[in-house]
Structures are given as C-alpha cells and as structure tokens.
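So you can see what is in the structure, the chains are spelled out below.
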Amino acid sequence: MNCAGNALGAFHCRPHFTIFRLEGYIQACRGLMIAAVSLGFVGSIFGLVGMKCTKVGGSDQTKAKIACLAGLIFILSGLCSMTGCSLYANRITSEFFDPTFIAQKYELGAALFIGWAGSSLCIIGGSIFCFSIAENNKTPRIGYTYKGATSVISSRTKAHSNTADFKLPKDSPRHFDKNAYV
C-alpha cells in the first residue's frame, strides 16, 4: 500500500502498482515504445555510417547496403511505435464507449497523436532512406565542367561583336576579374 497522511492525522491509502501488476496492454505498449526508441537509436547509428558523406563504412556499395539496413530498421521502429499507440488507443476507445465500464474513462490525448505522427514520419523517412541510396547503373553520370563566370560586358561583347554600331568606351575594361566586384 502507498499511504499519505495529513496534519490532522488522517491517512489515505491506495495500492502501490509496480510494473508487474499493471495490465497487460500497458506493459505491451511500454515494451513496444522501448523497442521503437532502441531501434531508432540503432537505425540512426547505421544511417550515419551508411551516408555517402561520411568516411566510415567502406566502399559505396557497402555504404548503400548499410543505409538500406538503416532504412529497414527505421521502418521497423515506426511500426513498433505505431502498434503501441494504436493498441493503447483501441483500449481507450473500447472502454470509453462501453456502457458497462464504471471506472474513470479516458480520452485520446495529444501524446497519441504525436506518437502516430512520429511513427508515420519514421516509416516515411526509412522508406526514403532505403530508396534514395539505390544507384541506377544503367545510365552513366555526366560530369559538368565549370567554364567560369562571364560578366555583362563580356557577354554583350560576344553577342554584339558583329554589329558596327556597338562600341565600348575606351576606359571600360573588357573583362572583369575578381577585384572588380569588391
């Protein structure tokens, strides 16, 4: 029993609930949420190793496999979280609409909606993580070379070089360098 007393000497006692005396659906929801948080942590570690911008993880093919594994772990984490939230919400709604249920009735709160939104984002992010790493080997990548910036005057000079009426002033430079912009 968990008892509390006041200054007048009156005691109020209630049963002390431990984690083992809780109802089964609450224990299942806690277990699913702990599994979701643990899987999310492991998935983020694998995701950091599997990204192309990190130096850890080996070749690009190995990194792609690690990143796909991270995406699968994120999807599994989101499913665990969504299952836990849905199980708890199912129990709340079934007790709320049961006319024979006499104890205190609860309603769906913000924590459930945040849990559903977070698990949906985790599933979507994991699937994006899986599909964004896959490379298309059929089409080769085209490399682009940087040809340098052209100034307004130099582009006008190239475009109007054939016309005789266009003449630049004698004191204007023909090509701007990096010091001309400062």
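Residues numbered from 1 in each chain as written. Predicted model: local features only at pLDDT ≥ 70, side-chain atom pairs only at ≥ 80, totals over all residues. Heavy atoms only, no water.

In the nomenclature of an unreviewed UniProt entry, the chain corresponds to Claudin 10 isoform B from the organism Alligator mississippiensis. In its Sequence similarities (unreviewed entry) section, UniProt records this for the chain: "Belongs to the claudin family." (UniProt positions renumbered as here; feature names shortened; annotations may be inferred.)

(A) Layout of the packing of helix α2 (residues 60–96) against helix α3 (residues 110–133). Contact geometry of α2 with α3 gives a least axis separation of 8 Å together with a crossing angle of 160 degrees. With respect to α3, the axis of α2 lies roughly antiparallel. By crossing handedness, the relation of α2 to α3 is classed as left-handed. Class assignment of the residues belonging to the contact of α2 with α3 gives a composition of 20 nonpolar, 10 polar and no charged. (Axes fitted to C-alpha atoms, helices over the stretch in contact; angles between N-to-C directions. Helix = DSSP H or I, 4+ residues; strand = E, 2+ residues; numbered from the N terminus. Parallel < 35°, antiparallel > 145°, perpendicular 65-115°, else oblique. Left-handed = near helix turned anticlockwise from the far one by under 90°. Nonpolar A, V, L, I, M, F, W, Y, C, P; charged D, E, K, R; others polar.)

(B) Layout of the pairing of strand β1 (residues 2–5). Note that β1 and strand β2 (residues 11–14) share four bridges and pair antiparallel. Its bridge partner lying in β2, asparagine 2 is registered against arginine 14. Joining the antiparallel neighbours β1 and β2 is a turn of five residues, in which glycine 9 adopts a positive phi near 95 degrees. (Pairing = 2+ DSSP bridges.)

(C) Region of interest: the packing of helix α1 (residues 24–50) against α2. Contact geometry for α1 and α2: axes closest at 8 Å, N-to-C directions at 160 degrees. With respect to their mutual orientation, α1 and α2 come out roughly antiparallel. Crossing angle aside, the handedness with which α1 passes α2 is left-handed. Residues of the contact of α1 with α2, tallied by class, amount to 23 nonpolar, nine polar and three charged.

(D) Molecular detail of the packing of aromatic side chains. Going through the model one piece at a time under the given rule, you end up with four aromatic pairs. Pairing phenylalanine 74 with phenylalanine 129 gives two aromatic rings, centres 6.4 Å apart and planes at 50 degrees, and the pair type is tilted. Here phenylalanine 74, found in helix α2, pairs with phenylalanine 129, found in helix α3; they are 55 residues apart in sequence, far enough to count as distant. Phenylalanine 129 shares its class with phenylalanine 74; the two are buried. (Phe/Tyr/Trp six-rings, centres within 6.5 Å; stacked < 30°, edge-to-face > 60°. Buried < 20%, exposed > 50% of the residue type's maximum accessible area, 1.4 Å probe, protein only.)

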